[in-house]
Amino acid sequence: NIYRISTFGGVPSKIIDNSSGKVNFSPDGKKITFFRCNLNQSEGCSLWIADANDGKNERKITTRPIPVRISDAVFSSDGKSVIFASGQSLNAANEFGLTQIDLQTGIESDYISEKFFDIIKLAWLPDTDELLITASKTPNKNFHIWLISKAQNE
């Protein structure tokens, strides 16, 4: 579950039920992304968006079937799309990639063509169109930080 609490303290209020994984905020702080991974055959992991203040206006923006999972997501700097990492690492192949989804149209496209064994975390560098990802190209516990620049995608 996802809770909201004032920075001044007080009683936490639950805004989202049944979430899995990380929560990320839109640039204006009004929306959040979160995951629900049911791990059943009809629906594996889904990426959702909702109002950050109260969890209202929940909307599923994409789903991946088992064994594919979604590991992290970030809003674009203009808040009009979400870039997310998804793939599977059960077969020890490089199948994790970055996908961008337009929040208005729902159209998905590869953010980069490069694939990884696993991607754990995504983060924007301040005041740039460059993304840092924590990822591995081999099936081990040695993850590296990769710089993904917008120019690389054009």
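Scroll up to find the structure.
Below is a short write-up of the structure. None of these values were measured; they are calculated from a predicted model.

What follows covers the nonpolar core. Counting residues in each nonpolar core, the largest one holds 14 residues, and the members touching the most others are Leu98, Ile119, Leu122, Leu131 and Ile133. Those elements giving two or more residues to this core turn out to be β8 (81-87), β11 (118-124) and β12 (130-136). Of the residues forming this core, the biggest block, 3 residues, is contributed by β12. Grouped together as the second largest cluster of nonpolar side chains are 12 residues, Phe35, Ile70, Ala73 and Phe84 included.

With that settled, consider the sheet that holds strand β3 (residues 20-25). Here we have 4 strands laid out as an open sheet, ordered β3-β4-β5-β6, and antiparallel in their pairing. For this open sheet the edge positions go to β3 and β6 (59-64), each flanked by a neighbour on one side alone. For this sheet, the mean inter-axis angle between neighbouring strands, taken without regard to orientation, is 20°. Of the pairings in the sheet, the one linking strand β5 (residues 45-51) to β6 comprises 5 bridges and is antiparallel in character. In the sheet register, leucine 47 faces β6, and the bridge partner there is threonine 62.

So, about the packing of aromatic side chains. Going through the model one piece at a time under the given rule, you end up with 2 aromatic pairs. Ring plane angle 15° and centroid distance 6.3 Å describe the contact between phenylalanine 34 and tryptophan 48, whose orientation is recorded as stacked. On the criterion of sequence distance, the pair formed by phenylalanine 34 in strand β4 (residues 31-37) and tryptophan 48 in strand β5 is long-range, its members being 14 residues apart. Neither phenylalanine 34 nor tryptophan 48 differs from the other in exposure class; each is buried. Considering the side-chain rings of phenylalanine 116 and tryptophan 146, the 5.0 Å spacing of their centres and the 75° angle between planes classify their relative orientation as edge-to-face. Residue phenylalanine 116 is located in the loop between β10 (108-110) and β11, and its partner tryptophan 146 is located in strand β13 (residues 144-149); the two are separated by 30 residues in the primary sequence. A relative accessible area of 0% places phenylalanine 116 in the buried class.

A word on the side chain of glutamine 88. With respect to the helices and strands, the residue glutamine 88 is situated in the loop between β8 and β9 (97-102). Separated by 3.4 Å, the side chains of glutamine 88 and asparagine 91 make a polar contact. Here the side chain of glutamine 88 touches glutamate 95 through a polar contact of 3.1 Å, side chain to side chain. Setting aside anything within four residues of it in sequence, one finds glutamine 88 in contact with Pro67, Val68, Ala93, Glu95, Phe96 and Phe117.

Here is what the cut-offs are and how they apply
Residues numbered from 1 in each chain as written. Predicted model: local features only at pLDDT ≥ 70, side-chain atom pairs only at ≥ 80, totals over all residues. Heavy atoms only, no water. Core = buried A, V, L, I, M, F, W, Y, C linked by side-chain atoms within 4.5 Å. Buried < 20%, exposed > 50% of the residue type's maximum accessible area, 1.4 Å probe, protein only. Helix = DSSP H or I, 4+ residues; strand = E, 2+ residues; numbered from the N terminus. Pairing = 2+ DSSP bridges. Axes fitted to C-alpha atoms, helices over the stretch in contact; angles between N-to-C directions. Phe/Tyr/Trp six-rings, centres within 6.5 Å; stacked < 30°, edge-to-face > 60°. Polar contact = N/O pair within 3.5 Å; in protein donor to acceptor, adjacent residues only side chain to side chain. Contact = heavy atoms within 4.5 Å.

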